[in-house]
Amino acid sequence: MRAEGFRIARGAIEELVATLGGGSATKTLAFEPVEDDKYRPAAKVMLFGEHDRIGVLAEKLQDMFGIQTPVVLAELDFALVAGYPPKHSSATCPGSPASNATWYRRG
């Protein structure tokens, strides 16, 4: 249950980064397992050189606060918002006059 919750939260962060930061942000996103007394399991979240944390609350802290089910936490700086909105490039639509017909693609 703890590992499954961790994987779901990691996936949510990956989606968030892809949505807010675009392709350039997802290329810089990485997760590195770490030892952390607050979390079991835990990972360092690296994005644009920033280091944040994600993990499942350690059982001793769950007990301290009377929490009966595992809780996933993330400490994020949201450096990815600095890159929002993602940059788009434009080009002339194939087979159309160049006067005012452009199309956009994520870059």
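Relevant structure appears above.
Parameters at a glance
Residues numbered from 1 in each chain as written. Predicted model: local features only at pLDDT ≥ 70, side-chain atom pairs only at ≥ 80, totals over all residues. Heavy atoms only, no water. Helix = DSSP H or I, 4+ residues; strand = E, 2+ residues; numbered from the N terminus. Contact = heavy atoms within 4.5 Å. Buried < 20%, exposed > 50% of the residue type's maximum accessible area, 1.4 Å probe, protein only. Core = buried A, V, L, I, M, F, W, Y, C linked by side-chain atoms within 4.5 Å. Pairing = 2+ DSSP bridges. Axes fitted to C-alpha atoms, helices over the stretch in contact; angles between N-to-C directions.

A. The side chain of Lys44, seen in detail. With respect to the element layout, Lys44 can be found in strand 2 (residues 39–47). With residues near it in sequence (within four places) discarded, Lys44 still touches Ala30, Phe31, Glu32, Val34, His51, Asp52 and Arg53.

B. Fine view of the side chain of Gln62. Here Gln62 is to be found in helix 2 (residues 59–65). Classification of Gln62 by relative accessible area gives buried; the value is 5%.

C. View of the nonpolar core. Counting 12 residues, the largest nonpolar core is built from Phe6, Ala9, Ile13, Val17, Ala25, Leu29, Phe31, Ala43, Val45, Leu47, Ile54 and Val56. Apart from the residues lying within four places of it in its own chain, the contact partners of Val45 are Ile13, Leu29, Ala30, Phe31, Glu50, His51, Asp52, Arg53, Ile54 and Leu76.

D. Layout of the sheet that holds strand 2. Read across the open sheet, the four strands follow the order 1-2-3-4; overall the sheet is antiparallel. Two strands lie at the open edges of the sheet, namely strand 1 (30–33) and strand 4 (72–75), each paired on one side alone. The average angle at which neighbouring strand axes cross in this sheet is 25°, direction not considered. Note: strand 2 against strand 3 (residues 50–57), seven bridges, orientation antiparallel. The residue bridging Val45 from the neighbouring strand is Asp52, located in strand 3. Set on the sheet, helix 1 (residues 2–28) makes contact with strand 1, strand 2, strand 3 and strand 4; between it and strand 2 the angle comes to about 5°.

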